[in-house]
Amino acid sequence: MSRKGKVLVAMSGGIDSTVTALMLNDEGYEVVGITMKTWDYATSGSSKKETGCCNLDSFNDARMAAVQHGFPHFILDIREEFGDFVIDNFVEEYMAGRTPNPCVMCNTHIKWRALLKRADALGCDYIATGHYAKIRQHENGRYFIGRALDDTKDQSYVLWGLQQDLLSRTILPLAGYRKTEIRQMAMDYGYPELAKKSESYEICFVPDNDYRGFLKKKVSGLEENVIGGSFLDKHGNILGKHKGYPFYTIGQRKGLDIAFGKPVYVTEIRPDSNEVVLGDEADLEQNEMYVGRINWMKYDGITPGMEATTKIRYKDKGSLSNLYPDKEGIKVRFYENAKSIAPGQSAVFYEGDDVIGGGIIQGGFKV
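Residues numbered from 1 in each chain as written. Predicted model: local features only at pLDDT ≥ 70, side-chain atom pairs only at ≥ 80, totals over all residues. Heavy atoms only, no water.

So, the packing of aromatic side chains
And then number 1: For the structure on display, the rule yields 11 aromatic pairs.
And then number 2: Taking the centre distance of 6.3 Å and the plane angle of 85° together, the rings of Y29 and Y126 count as edge-to-face. Linking Y29 in the loop between α1 (15–26) and β2 (30–37) with Y126 in strand β4 (residues 126–128), this pair joins segments that are 97 residues apart in sequence.
And then number 3: Overall, Y29 belongs to the buried group, its relative accessible area being 17%.
And then number 4: Arranged with centres 4.4 Å apart and planes meeting at 20°, the rings of Y94 and Y211 form a pair that is stacked. Pair noted here: Y94 is in helix α3 (residues 79–95) and Y211 is in helix α8 (residues 211–218), with a separation of 117 residues, a long-range link. No difference in accessibility class separates Y94 from Y211, as the two residues are buried. (Phe/Tyr/Trp six-rings, centres within 6.5 Å; stacked < 30°, edge-to-face > 60°. Helix = DSSP H or I, 4+ residues; strand = E, 2+ residues; numbered from the N terminus. Buried < 20%, exposed > 50% of the residue type's maximum accessible area, 1.4 Å probe, protein only.)

So, the environment of L149
And then number 1: Looking at the element boundaries, L149 is found in the loop between β6 (143–146) and α5 (164–167).
And then number 2: Residues L149 and Y177, spaced 28 residues apart in sequence, show a C-alpha to C-alpha distance of 6.2 Å.
And then number 3: Apart from the residues lying within four places of it in its own chain, the contact partners of L149 are A175, G176, Y177 and R178. (Contact = heavy atoms within 4.5 Å.)

Quick notes on the sheet that holds strand β9 (residues 238–241)
And then number 1: With mixed pairing, the four strands of this open sheet are ordered in space as β9-β8-β11-β10. The open sheet is flanked by β9 and β10 (265–270), the only strands paired with a single partner. Across this sheet, the average inter-strand angle for adjacent strands is 30°, counted without regard to direction.
And then number 2: Looking at chain direction, β10 and strand β11 (residues 275–279) are connected through five bridges and run antiparallel. Pairing of I269 across the sheet is with V276, part of β11. (Pairing = 2+ DSSP bridges. Axes fitted to C-alpha atoms, helices over the stretch in contact; angles between N-to-C directions.)

A look at the side chain of E288
And then number 1: Residue placement: E288 occurs in strand β12 (residues 285–296).
And then number 2: Polar contacts involving the side chain of E288 include one to the side chain of R333, which spans 2.7 Å.
And then number 3: Beyond its immediate stretch of four places on either side in the chain, E288 contacts K331, V332, R333, F334, I341, G363, G364, F365 and V367. (Polar contact = N/O pair within 3.5 Å; in protein donor to acceptor, adjacent residues only side chain to side chain.)

Let's talk about the pairing of β9
And then number 1: Sheet topology places strand β8 (residues 230–232) next to β9; three bridges connect them, and they run antiparallel. Opposite F231, over in β9, you have G240 as the bridge partner.
And then number 2: Between β8 and β9, which follow one another and run antiparallel, lie five residues, and G236 among them has a positive phi close to 95°.

Written out as structure tokens, the structure reads:
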């Protein structure tokens, strides 16, 4: 029995999760590796070789690392759990005219819960992943996520939904390292091919990153039902016809197949009438938004007007704002206009490097 405890490590077969497992093993934890099968690439219709998780090569890479370093490894099939929630939510959100973030939904509702359930079954004290983020405990006793040292890899944004019971038992060993250091560690461990392995930023269950094609396959008769809706300007004038409202996202400029002699952007999506509103870049700017389905981390709530840096998408640098409790969610008032606020995306609130909490954007507006 390890004096540091027993830890269940999610191993995708990629560099980050593999190095995580090997680091914890070296530090004296009793490591158990587990690879979660969330999606079947063999039947997804992808036209190119998959580069992320969920394929046989990744499973074998994870198992080989475990065997070579003397700790057990299991494969966990959660395709049914994953599909029922993450994929259904993905489709439902696009059909409602919103833009979902399936990685957030998967982390929040599927992966961590599945890990904790199996950790308990295997007698593990902790769970661990290769995410670049910190976990800390406030003096008030609450656990919260913080930004990683490597801001180019920081994944705190996609972890806002993790609840206290999950955070209290999670270890994130990569928080204090840069990606270049992790690649060097992989080399030092004797895995040069792993160190060179490319990373996939695609949605794991969307072949070739073609979400429109994925929606067409999942929703019977979709294309026939939505093609031919109207592009409108902000005054309601018809500008032309589009391919169907689910195939557009807020802020989109390319692929509109309509020419005006100047850049135009998707500023609003109206699913009930199958209309897509186009406007200038300035029309994307808004200074307030509503956020629902809140999960608080650092504090169990906020005082009205609390200042926070709010991120409205993964690559967003964040904008200063004030937060106000409002009905069942939060009203966010930005100091300066925010651009392309997309319902369905996540809003994450930061105090310095610490995540206060987050939620799902319901809509933005200008006052």
